[in-house]
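Given next are the chains, with one letter for each unit.
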Amino acid sequence: MRILIIILTLCIGTLSVTAQNTVLEKRISITLKAVPMEKAIEKIATSAGVNVSYSSDLLADCTPVSIEIQNQALISVLNKIFASYKIGYTVHAGQLILFPKRTVVIKNHTIRGTICDEETEEPISYATLQVKGKSKGVVADHKGFFEFTITEMELSDSLTASCMGYERRTFIARSLINEPEVMIVLKEKSVGITAVTVEAAKLKKKKKTLGNRHWFTAGSIYLDTHSQQIALYVDNKKNVNGYIQKVSYYLSDKGNVEAPFRVRVFGVDTLKRSPGEDLLPEILVAQPPEDTNGWFDVDLSEYRIPIPHDGFFVAMQGVFPNDYSFYAGDSDFVEIGKQQPQVTEGFAPKSIHYGQRIGYSGKEGRNTWHYSLAHQWFQMEGDNYNVKISVGIEEVKERRR
């Protein structure tokens with residue numbers, strides 16, 4: 001017989017973090033079809049081998065649960081089914097306890113301003129401002145203007161302004177919120193002499209290329225600007241030990257080669273084998289020159305990204321500029337592919353498309369992945385084009401004495 005414990009007051013002392021994590025990380029597989037929330041919670045708890053306590057009226061207004069889970073952590077399952085409700089949970093003495101979430105009003109602060117070149121004071125197109133150590137950030141428009149909203153809790157965090165070819169600058173977020181508009185200036189990187197590193201063990205370094213560097217180009221795929229992504233899986237079957245030096249994309253001049261795009265590097269999702277966690281620690285936006293036709297390289301050597309043993313993904317992400325009308329020649333949002341672009345402020349795109357077109361070498365293999373507007377990674381069921389993305393690496397081997 002199930003005993004419902006009515007929780008009138010939650011007074012939980014110091015939790016054993018290890019025990020809590022152990023319970024929440026238990027992996028379960030379960031399928032529920034239109035099961036009432038109370039029954040769903042019981043089945044999930046039984047599957048995880050834990051007892052559950054909650055107020056009898058906490059789940060009264062919840063809709064039936066339909067979910068199919070295969071080998072996922074309990075914490076992931078709970079987050080999914082409670083996503084639409086103000087229901088929190090914790091673990092105490094090995095027991096899962098559900099409770100109503102208190103509504104917390106978090107104050108937001110908006111930082112507006114321009115990122116400029118320190119010497120010329122000219123705006124820097126597509127520079128980024130990012131919360132240091134987090135994926136949260138914003139990309140400035142073609143005039144270097146940005147608006148960035150942070151929470152009260154992030155006021156003590158550091159914000160990093162960066163752009164390819166410039167030195168980074170870091171600020172405490174609190175220092176930027178008092179001005180109606182701020183100007184952030186970046187200094188161009190100076191070209192220095194490569195430092196010589198003296199190491200106790202002798203290391204043999206070798207340059208190598210991975211990915212799809214096929215000489216033949218069968219066609220190109222259009223990449224729009226709505227955060228769409230296309231990624232190539234780069235395997236590491238030979239267990240290469242080293243670092244990513246650069247990534248290269250084969251750009252077709254049938255697209256707009258000047259369109260900015262975000263460079264992405266991902267690990268492998270162990271369950272879906274799709275792109276997983278971010279390996280590039282910074283929001284990095286590239287804007288190729290107008291005469292680009294073919295391979296375009298982006299230097300990543302400063303990030304020292306180690307090559308994962310199970311492979312990784314390199315992706316291109318379309319950047320949707322908040323200055324879209326500058327390129328479309330229209331104040332309203334329109335489908336640019338359906339009209340000839342107008343010349344605005346001396347700028348005329350080479351194509352009726354705004355986004356990039358990236359080349360592919362054929363339809364062989366299952367290494368190309370797409371990111372949809374529904375925020376899901378998928379592979380084409382029919383034509384799975386082998387997109388042309390390559391990676392230059394620095395292979396490191398320890399020499400035996």
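Given the structure is predicted, the values throughout are model-derived calculations rather than measurements.

Trainee: What is the right way to read the overall build of the protein from this model?
Mentor: Each helix and strand counted, the protein has four helices and 26 strands in total. Among the 401 residues that make up the protein, the fraction classed as buried is 45%. Excluding contacts between residues fewer than 6 apart, the proportion of contacts in the protein whose partners are at least 24 apart in sequence is 70%. Of the roughly 22,600 Å² of accessible surface on the protein, a fraction of 50% belongs to carbon and sulfur atoms.

Trainee: Please clarify how the side chain of glutamine 379 should be interpreted in this entry.
Mentor: Within the secondary structure, glutamine 379 is located in the loop between strand E25 (377-378) and strand E26 (389-398). Exposure remark for glutamine 379: the relative accessible area of 16% places this residue in the buried category. A polar side-chain atom of glutamine 379 sits 3.4 Å from the main-chain carbonyl oxygen of threonine 368. Every residue in contact with glutamine 379, bar those within four places of it in the chain, is listed here: Arg366, Asn367, Thr368, Trp369 and Asn384.

Trainee: What's the story with the sheet that holds strand E12 (residues 182-186) in this structure? I'm lost.
Mentor: In a beta sheet, neighbouring strands are held together by backbone hydrogen bonds and run either parallel or antiparallel to one another. The sheet built from three strands is open, its strands ordered E9-E6-E12 with mixed pairing. The sheet is open, and its two edges are formed by strand E9 (145-151) and E12, each paired on a single side. Each adjacent strand pair in this sheet contributes to an overall mean axis angle of 35 degrees, direction not counted. Here five bridges tie strand E6 (residues 108-117) to E12, and the two strands are oriented parallel to one another. Bridge pairing in E12 places aspartate 117 opposite leucine 186.

Trainee: Hey, could you run me through unusual backbone geometry in this one?
Mentor: Among all residues except glycine, the phi angle is most often negative; among peptide bonds, the trans geometry is most common. For asparagine 71, which is not glycine, the phi torsion reads 50 degrees and is therefore positive. Within the element layout of this structure, asparagine 71 appears in strand E3 (residues 65-73). Phi at asparagine 239 is positive, roughly 55 degrees, even though this residue is not glycine. As for its position among the elements, asparagine 239 is in the loop between strand E15 (229-234) and strand E16 (242-251).

Cut-offs applied
Residue indices begin from 1 for each chain and proceed along its sequence in written order. The model is predicted, so local features are restricted to residues of pLDDT at least 70 and side-chain atom pairs to those at 80 or more, both for listing and for counting; the totals for chains, interfaces and linings are taken over all residues. Derived side-chain values reflect all non-hydrogen atoms in the structure, with water molecules and hydrogen atoms excluded from consideration. Helix and strand definitions follow DSSP, with helices as H or I runs of at least four residues and strands as E runs of at least two, each counted in order from the N terminus. Only protein chains enter the area calculation, which uses a 1.4 Å probe; residues under 20% of their type maximum are buried, those over 50% are exposed, and those in between are partly exposed. Contacts are residue-level and defined by heavy atoms, with any inter-residue pair within 4.5 Å sufficient. Surface exposure here means Shrake-Rupley accessible area, sampled with a 1.4 Å probe, where a residue is shielded only by the protein chains that are shown. N or O atoms closer than or at 3.5 Å make up a polar contact, with two conditions inside protein: a donor-capable atom paired with an acceptor-capable one, and, for residues adjacent in sequence, both atoms drawn from side chains. Note: two strands are recorded as paired if DSSP finds a minimum of 2 bridges between them. To define axes, lines are fitted to C-alpha atoms, for helices over the stretch in contact only, and angles between the resulting N-to-C directions are given on a 0 to 180 degree scale.

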